Amino acid sequence: MSGEREPEGPGAWPPRQGLPAPPGAGASALPPATYEGRTVLVTGGGTGLGKAIAAEFARLGADLLIVSRGEGHLGAAQGELGKLGTRVRTAVCDVRDPSRIAEVFAEHGTPDVLVNSAAANFPVPAEDMSPNAWRAVVDITLTGTWFMTREFGRRHLAAGTPGSVICVGASYAWTGGPGFAHSSAAKAGVKNLVETLAVEWGPYGIQINGLVPGLMPHEDMTPDIRANLSATPSSLDARQPALRVGAPRELGWAATFLASPYARYITGHTLVVDGANWQRRGVVSPPVVPVREQLGRGPYRPEGAP
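Report on the accompanying structure. (Residues numbered from 1 in each chain as written. Predicted model: local features only at pLDDT ≥ 70, side-chain atom pairs only at ≥ 80, totals over all residues. Heavy atoms only, no water.)

Regarding helix α4 (residues 131-159)
Moving on, step 1. Counted at 1.5 Å a residue, the expected span for α4 with its 29 residues is 42 Å, and the 40 Å between its end C-alpha atoms agrees.
Moving on, step 2. Along its length, α4 shows its largest kink, about 40°, at Asp139.
Moving on, step 3. Phi turns positive, to about 70°, at Gly160, one or two residues after α4. (Helix = DSSP H or I, 4+ residues; strand = E, 2+ residues; numbered from the N terminus. Expected span 1.5 Å × (residues − 1). Bend = angle between axes of the 7 residues up to and from the residue.)

Here's what the structure looks like:
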């Protein structure tokens, strides 16, 4: 016995305050001209977290090349990011098409930094998943990341120049992701790709790292994700060990550090920016709720069954 007394009465425990809020938009830990004269290509950079990452590179002087499958978001993103005082170019490119990727690189030149943010995802019980659903998510998230990274690596290898790659991943690459079998398998492949290419290309000056976001609400979230978040019985902040959700700019700050001159000896690593949420465990596990029930689906019925 240590002689210490157990806390007694209301308020005896230290108050819960969570992790401090981040600095405001526009702040940076890196020198303002860190990326001046350098080009950063961001796939999926027209919306959401990809756009947030692109914005932080722009604040540090980078020229941007934003790539997306459709033109819908490119014009708005170009105008918004251009207000940060940097050159912003755009290109329509399906990352599943290696010939189009090669055309984009030929048209715009080889970037100094590649950020693979393009991905596809939606919740679905594994038994309900169609072959097309599986292919769409895996081909965009994993194969598309590989095609972009391969083109980037080949060009830097041929030119004898250094480069940096960042691949946006997901924590269920480690844990598995019930309801997201397609995406979790693809993200596990992305994580392994990071670790493999870091060894292969490190001798030639090319570093590659992964970056995993936590819950960072933003205006471009899909309706199904918004619906799932709004269905939670308590506030989103209360469900995080940090007692707050993340800000998209926090992911951008991590990306600009990983590709900066100050992180040259970091490669093959996946950095998780989620306030420790993916490591969260309870002393007593909550009751298991099958994915079908979580998504409000009835019992599985094979096609053609009565």
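Focus: the packing of aromatic side chains
Moving on, step 1. Taken as a whole and assessed by the stated rule, the structure comprises 3 aromatic pairs.
Moving on, step 2. Each ring, one from Tyr35 and one from Phe57, has its centre 4.9 Å from the other, and the planes form 75°; the classification is edge-to-face. Residue Tyr35 is located in the segment before β1 (39-43), and its partner Phe57 is located in helix α1 (residues 48-59); the two are separated by 22 residues in the primary sequence. The pair Tyr35 / Phe57 is uniform in exposure class, with both members buried. (Phe/Tyr/Trp six-rings, centres within 6.5 Å; stacked < 30°, edge-to-face > 60°. Buried < 20%, exposed > 50% of the residue type's maximum accessible area, 1.4 Å probe, protein only.)

Describing helix α2 (residues 74-82)
One turn of the α-helix equals 3.6 residues, which is why residues spaced by three or four share an orientation.
Moving on, step 1. Turning to α2, its buried residues are Leu74, Ala77 and Leu81. The buried side chains of α2 occupy one side of the element, clustering within an arc of 65° when seen end-on.
Moving on, step 2. Next to the buried residues of α2 lie α1, β2 (63-68) and β3 (88-92). (Arc of directions from axis to C-beta. Contact = heavy atoms within 4.5 Å.)

A few points about unusual backbone geometry
Moving on, step 1. Phi is positive for Leu243, close to 60°, though the residue is something other than glycine.
Moving on, step 2. The topology assignment puts Leu243 in the loop between α7 (223-230) and α8 (248-258).
Moving on, step 3. Positioned with a positive phi, Ala276 is a non-glycine residue whose angle comes to about 70°.
Moving on, step 4. One can find Ala276 in the loop between β7 (270-273) and α9 (291-294).
Moving on, step 5. Judged by relative accessible area, Ala276 falls into the partly exposed class, the value being 34%.

Side note on the sheet that holds β2
Moving on, step 1. One open sheet accounts for 7 strands, arranged β3-β2-β1-β4-β5-β6-β7; its pairing is parallel. Both outer strands of the open sheet, β3 and β7, are each paired with one neighbouring strand and no more. If you compare each strand with its neighbour and ignore which way they point, the axes differ by 20° on average.
Moving on, step 2. Here strand β6 (residues 206-213) runs beside β7; their pairing, made up of 4 bridges, is parallel. Across the sheet, residue Gly210 finds its bridge partner in β7, namely Thr270.
Moving on, step 3. Contacting β5 (163-168), β6 and β7, helix α6 (residues 181-201) runs over the sheet at an angle of about 155° to β6. (Pairing = 2+ DSSP bridges. Axes fitted to C-alpha atoms, helices over the stretch in contact; angles between N-to-C directions.)

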